[in-house]
Amino acid sequence: MSLSNLQEYLRPTHLEEALRLIGRASPRSRIVAGGTWVSAETPRDLEAVVDIGGLALNAITLEGAFWRLGATASLQALIESPAGTTLCNGVLGEAAMAMAGRSLRNRATLGGAIATADSVSPLVTALLACDAELSVATLKNDDLVMKRVGLRAFLGYRANLLEEGALITDIRLGVPSADSRAAYERVARTPRDYPIVCAVARCATRDGIAGNVRLALGGVAAAPIRIELAEFGLEKKRIADHIEHALGHGLEGLAPAGDWLGSADYRRAMARELSLRALMRCAT
Ligand SMILES: Cc1cc2nc3c(=O)[nH]c(=O)nc-3n(C[C@H](O)[C@H](O)[C@H](O)COP(=O)(O)OP(=O)(O)OC[C@H]3O[C@@H](n4cnc5c(N)ncnc54)[C@H](O)[C@@H]3O)c2cc1C
């Protein structure tokens, strides 16, 4: 625990008020949602935390053709919701389950998981494969600005956006077509452990031909990534016939960093194997 310099704990009930508090030059403030990462990793010079738990951003609702997942909904709430059990044939719930043990899942929020975007985060990997979009709130000249941004784009600018005091309010996911299937694959030290590398694939198959192919990998870059060259190589094709070539091409430039859990070569090999398994499961 490194909150030794903390002077203020604030719990606003309005979004604009929260953004104003987060944006103050002094004291140095940070959003806190579930607090599981903040309490473990926060820099010592943090002076104020802005608890966003009072903003009523925790609903998980079906709105026509979209699911809206509130940013302060817990990982466990997603698992227990119809979105977790049915969306992308349950892959989102499965990925949220793989994030941590139950006590942590009860506290940790969807927004917190996205804002921290751990390299191998199963949930962020699954959300990437499901084409998630985020609603992000900022203040400009004291006016509330709401922007919708694709998760992939958000991950590219994450550090800057969060540094500027942006707040994720919800995650939006389209309800996939009835013939769409997704699959999660991972490798870990033990069956219940956090993955070393994970893959989520998704596609809609009609008469054996794949469409809307998505492939996302965790554990091979600083944050989860989409493998678009492989997706492109499989679009409107029979997956089994083209998978070797598409993965060879798509994973060619992968340059993971090795660590004590797995060398770069091991991660590259697992990325290929898990991608193959996930894509083949979707296609059959
Ligand atoms: C013992 C322990 C084990 C852990 N194990 C894992 C693990 O296995 N896998 C894993 O991925 N993580 C792990 N973590 C880290 C943490 O639990 C996750 O990253 C979690 O998803 C963070 O969610 P939270 O709601 O608790 O975020 P918080 O701790 O509240 O916040 C995390 C960061 O996100 C920012 N943030 C939160 N919500 C928003 C929002 N809506 N908009 C903008 N910024 C926001 C905060 O400012 C902060 O910088 C672990 C932590 C602990 C203490």
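Residues numbered from 1 in each chain as written. Predicted model: local features only at pLDDT ≥ 70, side-chain atom pairs only at ≥ 80, totals over all residues.

Q: So what exactly am I meant to see when it comes to the overall build of the protein chain here?
A: A count of helices and strands for the protein chain gives twelve helices and twelve strands. Considered along the principal axes of its C-alpha atoms, the protein chain spans approximately 60 × 45 × 35 Å. Counting all 284 residues of the protein chain, 44% fall into the buried class. Of the contacts made within the protein chain by residues no fewer than 6 positions apart, 62% connect residues no fewer than 24 positions apart. (Helix = DSSP H or I, 4+ residues; strand = E, 2+ residues; numbered from the N terminus. Buried ≥ 20, exposed ≤ 12 C-beta atoms within 10 Å, placed from the backbone. Contact = placed C-beta atoms within 7 Å.)

Q: Help me understand the domain arrangement of the protein chain in this model?
A: By a frequent convention, interface size equals the accessible area lost on bringing the separate parts together. As far as domains go, the protein chain holds domain 1 (8-51), domain 2 (60-174) and domain 3 (180-283). Relative to domain 3, the C-alpha centre of domain 2 lies at a distance of 21 Å. Across the contact, 20 residues belong to domain 2 and 23 residues belong to domain 3. Elements supplying a minimum of two residues to the side of domain 2 that touches domain 3: α5 (91-97), α8 (122-129) and α9 (151-163). Counting residues per element, the side of domain 2 that touches domain 3 draws most heavily on α8, which supplies six residues. A per-class count over the side of domain 2 that touches domain 3 returns 13 nonpolar, four polar and three charged. (Domains from an automatic or database assignment. Nonpolar A, V, L, I, M, F, W, Y, C, P; charged D, E, K, R; others polar.)

Q: Would you mind going over the site of the ligand with me for this structure?
A: Around the ligand, a shell composed of 29 residues is seen, among which Gly-34, Trp-37, Gly-111, Gly-112 and Ala-115 lie nearest. Of all the secondary structure elements, the ones that give two or more residues to the shell around the ligand are β2 (29-32), α2 (38-41), α6 (102-107), α7 (110-116) and β8 (167-174). By residue number, the principal contributor to the shell around the ligand is α7, which donates five residues. When the residues that make up the shell around the ligand are grouped by side-chain class, the tally is 18 nonpolar, eight polar and three charged. In this structure, the shell around the ligand is formed jointly by two domains, domain 1 (8-51) and domain 2 (60-174), each of which donates at least three residues. (Near = placed C-beta within 6 Å.)

Q: Can you walk me through α8 in this structure?
A: Since the α-helix turns once every 3.6 residues, residues separated by three or four places project in the same direction. The buried fraction of α8 amounts to eight of the eight residues, a majority that puts the element mostly inside the structure. Looking only at α8, the buried set comprises Pro-122, Leu-123, Val-124, Thr-125, Ala-126, Leu-127, Leu-128 and Ala-129. Positive backbone phi, approximately 55°, marks Asp-131, located one or two places after α8.

Q: Could you clarify how one ought to interpret the packing of helix α11 (residues 239-250) against helix α12 (residues 264-283) in this entry?
A: Each pair of packed helices can be summarised by the angle the axes make with each other and by the distance between the axes. At their nearest, the axes of α11 and α12 sit 11 Å apart, and the two run at 160° to each other. Between α11 and α12, the angle is such that the two are roughly antiparallel. Relative to α12, α11 is oriented so that their crossing is right-handed. Facing Ile-239, Ala-240, Ile-243 and Leu-247 of α11, the residues of α12 in contact are Arg-272, Ser-275, Leu-276, Leu-279, Met-280 and Ala-283. In terms of residue class, the contact of α11 with α12 is made up of eight nonpolar, one polar and one charged. (Axes fitted to C-alpha atoms, helices over the stretch in contact; angles between N-to-C directions. Parallel < 35°, antiparallel > 145°, perpendicular 65-115°, else oblique. Left-handed = near helix turned anticlockwise from the far one by under 90°.)

Q: Where do I start with the sheet that holds strand β5 (residues 66-70) in this structure?
A: Taken together, the five strands give an open sheet; going across it, the order is β4-β5-β8-β6-β7, and neighbouring strands pair in antiparallel fashion. Either end of the sheet is taken by a strand with one partner, and the two such strands are β4 (60-63) and β7 (143-150). Looking at each pair of strands side by side, their axes are set apart by 25° on average, direction ignored. Looking at chain direction, β5 and β8 are connected through five bridges and run antiparallel. (Pairing = 2+ DSSP bridges.)

Q: Sorry if this is basic, but what is going on with the nonpolar core here?
A: The biggest cluster of nonpolar side chains holds 89 residues, and the ones touching the most others in it are Leu-78, Leu-92, Ala-126, Val-200 and Ala-201. When residues in this core are grouped by element, the largest group, seven residues, is from α12. Here Ala-201 is in contact with Ala-129, Ala-182, Ala-183, Arg-214, Leu-215, Ser-275, Ala-278, Leu-279 and Cys-282, once residues within four sequence places are set aside. (Core = buried A, V, L, I, M, F, W, Y, C linked by C-beta atoms within 7 Å.)

Q: For this particular structure, what's the right way to read the environment of Glu-185?
A: Locating Glu-185 in the fold gives a position in strand β9 (residues 180-187). Between the C-alpha atoms of Glu-185 and Ala-166, which are 19 residues apart in sequence, the distance is 32 Å. Leave out the neighbours within four places in its chain, and Glu-185 touches Cys-198, Ala-199, Leu-274, Arg-277 and Ala-278.

Q: Got a minute to help me understand the sheet that holds strand β3 (residues 48-51) in this structure?
A: Sheet strands pair via backbone hydrogen bonds, and the direction of the pair is either parallel or antiparallel. In space, the three strands of this open sheet follow the order β1-β3-β2, with parallel pairing throughout. Looking at which strands have only one partner, the edges of the open sheet turn out to be β1 (8-10) and β2. This sheet shows a mean twist of 20° between the axes of neighbouring strands, independent of strand direction.

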